[in-house]
Amino acid sequence: MSSIIQLLPDHVANQIAAGEVVQRPASVVKELLENAVDAKATDIKLIIKDAGKSLVQVIDNGVGMSVTDARLCFERHATSKIRLAEDLFSLNTKGFRGEALASIAAIAHVEMKTKQDQEELGTHIIIEGSKFVSQEVAVLPKGTSFAVKNLFFNIPARRNFLKSDTVEFRHIVDEFQRVVMAHPKIHFTFYHNGNEMFNLPPATLRQRIVGIFAGKTNEKLVPVNEETEIVSIQGFVSKPEFAKKSRGEQFFFVNDRFIKSGYLHHAVLAAFDGILKDGLQPSYFLYLTVEPNTIDINIHPTKTEIKFDDEHALYAILRASVKHSLGQFNVAPVLDFERDANLDTPYHYKDLEGAVPTIEVNGNFNPFAASSPTPQKSYSSYKKPEASTSWESLYVGLKQDFEPEPEPFSSRAFETEAISSSLFSENEVEQTVQKTYQIHKKYIVSPIKSGMLIVDQQRAHQRILYEQFLTNMTMHQAASQQLLFPLNLFFSTDEMVLITELQSTLQATGFVFDTSATDHVVISGIPVTITESEVALVIEQLLADLQDGIPENSFSQSDTIAKSMAKSLAVKTGTFLAEKEQENVVNGLFACKEPNVSPFNKPTFITMRVEDLDKKFAV
């Protein structure tokens with residue numbers, strides 16, 4: 001039997017490896033930016049077209065590459081970062097595997113221009129699908145420029161699985177932010193379709209965070225600073241009042257490398273225990289510095305997961321550091337049992353100066369003079385009857401025998417009137433009253449003819465609000481209530497892109513936008529079903545639900561927004577409802593087109609028949 005195992009050609013092996021390294025345009029952005037940082041660049045430009053599907057270009061002023069290195073860097077497992085296997089335990093660079101450029105060149109058109117500072121001329125290389133098209137000498141500035149065009153041009157199935165431009169652009173912004181925040185001393189510029197999205201000059205860590213997220217980020221940051229033998233912790237956490245429902249602004253960096261760690265995230269949540277409402281997530285930007293030989297980075301293709309030698313000690317130190325910062329800056333409530341609250345100076349007396357007391361002397365006062373007691377007035381509880389206002393009231397109730405009372409006209413019978421008899425008199429008919437009851441502040445029980453109806457109040461209210469919002473957005477313009485003082489809501493750059501695209505649909509629900517800037521919106525009108533305090537929560541929940549992108553067609557977009565707003569505004573489990581409110585929920589549910597399920601396809605009510613109850617009591 002002939003042999004069937006054979007070595008794969010290099011271009012096939014590169015395409016297979018690209019599936020692990022390059023998942024979407026954001027992966028290319030991450031690899032190229034990290035290479036620019038490793039090249040000791042001080043100025044890095046990122047240029048994107050069509051959310052990276054047409055062009056991803058990174059230009060830096062780093063050390064550049066020689067002619068040999070420029071050709072060799074596209075080979076698999078070719079790297080300048082490590083030499084021996086032991087170097088994996090003392091990494092100080094972003095990359096080390098030598099697979100990124102080979103994988104990118106296998107699935108795209110790549111154009112590279114590079115030049116070292118001491119050289120007079122640089123190198124210009126063009127590669128299409130792992131095939132070298134040309135290599136020329138060119139006059140270039142110091143540094144390297146990578147242009148990746150037509151990503152996945154030779155893998156159409158992979159290209160078809162890419163999301164919309166909005167989603168892919170959001171992933172690119174996320175990768176850009178992770179690299180930018182780890183290196184505040186480097187000047188970064190970001191362009192998308194010719195528009196400048198970010199221009200971040202060298203700054204301090206706090207200035208870099210504020211420059212990325214804009215808005216009121218500066219006033220919500222609480223610094224964290226801790227030095228131990230195991231780890232050095234720097235960074236910021238947000239104040240509890242700025243906590244959000246989504247987990248957007250949460251960043252861990254270990255040795256200037258972004259990582260994801262559910263274990264360390266739980267340590268931060270434990271520090272906020274007791275000062276955050278249920279379901280809210282704090283923002284944090286924490287930078288951990290440890291010895292390179294105590295961590296293992298080479299456990300995931302994206303290098304976002306790290307294995308620590310002593311995770312338990314790291315957990316305890318991180319939790320204590322964050323808790324200490326919250327208490328040090330009077331963010332967390334402090335209980336002092338030694339303090340006497342009666343000795344505290346009232347706030348409105350804090351800045352007042354003490355006045356000199358005045359003394360008044362009565363010279364005519366004689367302590368030996370006989371004092372005559374003052375006569376006390378006596379009061380009586382007797383109330384004099386009021387005089388009758390009319391003399392006619394004296395004769396009320398008196399009747400004369402010779403003057404009979406006239407018979408009312410309605411009681412007279414006529415020959416043409418049909419006489420109907422009844423077995424029961426009217427006052428004997430029992431009046432049945434329909435009542436509803438609330439159980440555990442979660443379910444509403446209503447009696448029906450066959451038994452009883454049990455309604456989930458939260459799901460039922462979601463269905464009611466969902467159909468209301470959907471009708472307003474698709475059929476007619478919703479009513480809006482004008483605010484006396486307009487609301488200024490601040491958002492990050494990528495969130496503002498989403499709000500701008502959703503603005504017309506939100507206006508159909510009742511929102512009125514006055515102006516929109518690069519970091520905030522001004523809202524002067526809101527839907528009648530929303531209170532002013534709920535506006536920020538509704539929009540925040542909407543942005544979280546649209547993390548995976550805005551649907552292309554208008555109905556799907558309206559449907560998504562209606563579901564998100566219904567989920568935010570529906571009455572929550574654990575809320576007490578008055579009897580009238582319970583009736584409104586039940587009646588409103590059965591006035592819907594589809595009362596059986598919530599907008600998320602979960603049952604809204606169940607019925608229990610009398611026969612079912614009889615079976616429960618059967619012996």
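Look up a bit, the structure's there.
Here, residues in each chain are numbered from 1, in the same order as that chain's written sequence. The model is predicted, so local features are restricted to residues of pLDDT at least 70 and side-chain atom pairs to those at 80 or more, both for listing and for counting; the totals for chains, interfaces and linings are taken over all residues. Computation of side-chain values covers all heavy atoms of the structure but excludes hydrogens and water.

Draft legend 1. How the structure looks around the overall build of the protein chain. For the purposes of this entry, the term helix denotes a DSSP run of H or I that reaches at least four residues, the term strand denotes a run of E that reaches at least two, and both are numbered from the N terminus. Within the protein chain, the regular secondary structure consists of 15 helices and 22 strands. Here the term buried applies to any residue with accessible area under 20% of the maximum for its type, exposed to any over 50%, and partly exposed to those in between, with areas from a 1.4 Å probe on protein chains only. Per-residue burial for the protein chain yields a buried fraction of 41% across its 619 residues. For the protein chain, the proportion of contacts with a sequence separation of at least 24, taken over those separated by at least 6, is 68%. Each accessible area value is a Shrake-Rupley result obtained with a 1.4 Å probe; residue values ignore everything except the protein chains displayed when judging cover. Of the accessible surface of the protein chain, which amounts to about 38200 Å², a share of 53% is contributed by carbon and sulfur atoms. In this description, contact between two residues means that some pair of their heavy atoms is separated by no more than 4.5 Å.

Draft legend 2. Seen up close, the sheet that holds strand β21 (residues 520-527). The strand order across the open sheet built from three strands is β19-β21-β20, with neighbouring strands paired in antiparallel fashion. Single-partner strands in this sheet number two, and they are β19 (480-490) and β20 (512-516). Averaged over neighbouring strand pairs, the angle between their axes works out to 15° when direction is ignored. Whenever a helix is involved, its axis is fitted only over the stretch in contact; in every case the axis is a line through C-alpha atoms, and angles between N-to-C directions fall within 0 to 180 degrees. Of the strands in this sheet, β19 and β21 touch helix α12 (residues 535-545), which is tilted by about 60° from β19. Any two strands with at least two DSSP bridges between them are considered paired.

Draft legend 3. Summary view of the sheet that holds strand β2 (residues 55-60). The strand order across the open sheet built from eight strands is β5-β4-β3-β6-β2-β1-β7-β8, with neighbouring strands paired in mixed fashion. At either margin of the open sheet sits one strand with a lone partner, and together these are β5 (131-138) and β8 (195-200). If you compare each strand with its neighbour and ignore which way they point, the axes differ by 10° on average.

Draft legend 4. Seen up close, the environment of Arg76. Position of Arg76 relative to the elements: it lies in the loop between α3 (67-72) and α4 (100-106). Spatially, the C-alpha atom of Arg76 lies 8.0 Å from that of Ser103, the residues being 27 residues apart in sequence.

Draft legend 5. Broad picture of the pattern of salt bridges. The working definition used for a salt bridge is a side-chain nitrogen of Lys or Arg within 4 Å of a carboxyl oxygen of Asp or Glu. For the structure on display, the rule yields 13 salt bridges. One salt bridge connects Lys30 with Glu31, and the closest N-O pair in it is separated by 4.0 Å. Of the charged contacts, one joins Lys220 and Glu249 as a salt bridge, the two residues approaching to 3.1 Å between their closest N and O atoms. Taken together, the residues span a long stretch of sequence, with Lys220 in the loop between α7 (205-213) and β9 (221-227) and Glu249 in the loop between β10 (232-238) and β11 (250-254) at a distance of 29 residues. Just as Lys220 is buried, Glu249 falls in that class too.

Draft legend 6. Structural view of unusual backbone geometry. You will see that Asn193, though not glycine, has its phi angle at about 50°, which is positive. For Asn193, a relative accessible area of 41% corresponds to the partly exposed category. Not every positive phi belongs to a glycine, and Asn601 is a case in point at roughly 60°. With respect to the helices and strands, Asn601 occurs in the loop between α14 (579-590) and β22 (605-609).

Draft legend 7. Looking closely at empty space enclosed by the protein. With a 1 Å grid spanning the protein atoms alone, the term cavity applies to any set of points in which a 1.4 Å probe fits but cannot get out, the term pocket to an open set with protein on both sides within 12 Å along at least five of seven lines, and the term lining residue to any residue with an atom within 4 Å of a point. Grid points are joined across faces, edges and corners, and a volume is the space filled by probe spheres set on the points. With the rule as written, the count across this model stands at two cavities of 30 Å³ or more. In this structure, the second largest cavity encloses a volume near 40 Å³. Around the second largest cavity, the lining residues are Thr166, Phe169, Arg170, Asp494, Val497 and Leu498. Residue classes follow a fixed rule: Ala, Val, Leu, Ile, Met, Phe, Trp, Tyr, Cys and Pro count as nonpolar, while Asp, Glu, Lys and Arg count as charged, and any other residue, Gly among them, counts as polar. Class assignment of the residues belonging to the lining of the second largest cavity gives a composition of three nonpolar, one polar and two charged.

Draft legend 8. Examining the packing of helix α2 (residues 25-38) against helix α6 (residues 165-182) more closely. Contact geometry for α2 and α6: axes closest at 8 Å, N-to-C directions at 20°. Judged on the interaxial angle alone, α6 and α2 are roughly parallel. The hand of the α2/α6 crossing is right-handed. Each of Pro25, Ala26, Val29, Lys30, Leu33, Glu34 and Val37 in α2 lies in contact with α6, whose residues at this interface are Glu168, His171, Ile172, Glu175, Phe176 and Val179. For the contact of α2 with α6, the per-class residue count stands at eight nonpolar, one polar and four charged. If an angle is under 35 degrees, it is roughly parallel; if it is over 145, roughly antiparallel; if it lies from 65 to 115, roughly perpendicular; otherwise it is oblique. Working rule for handedness: look at the near helix, and if it is turned counterclockwise from the far one by less than a right angle, call the crossing left-handed; if clockwise, right-handed.

Draft legend 9. Up close: the pairing of strand β6 (residues 143-149). Across the seven residues that make up β6, a large majority, six, are buried. With six bridges joining them, β2 and β6 adopt antiparallel strand pairing. For Gln57, the partnering residue across the bridge sits in β6 and is Ala147. Pairing analysis gives seven bridges linking strand β3 (residues 109-115) to β6, with the strands arranged antiparallel. Counterpart to Lys115 in the pairing with β6 is Gly143.

Draft legend 10. Representation of the packing of aromatic side chains in the model. When the centres of two rings from Phe, Tyr and Trp lie within 6.5 Å, Trp using its six-membered ring, the rings pair. Their planes under 30 degrees apart give stacked, over 60 give edge-to-face, and anything left gives tilted. Evaluated as defined, the whole model comprises 18 aromatic pairs. With a centroid separation of 5.9 Å and an interplanar angle of 55°, the aromatic rings of Phe213 and Phe251 are classed as tilted. In this pair, Phe213 sits in helix α7 while Phe251 sits in strand β11, placing the two residues 38 residues apart along the sequence. For the pair Phe213 and Phe251, a shared accessibility class is recorded, and that class is buried. Following the ring pairs from residue to residue traces out a cluster consisting of Phe213, Phe251, Phe253, Phe258, Phe285 and Tyr287. Distance and angle both matter: a charge sits over a ring if NZ of Lys or CZ of Arg is within 6 Å of the ring centre and within 35 degrees of the ring normal. Cation over ring: Arg71 sits above Phe132, and NZ or CZ is 3.7 Å from the ring centre.

Fair warning: the whole summary comes from geometry, so function is off the table for now.
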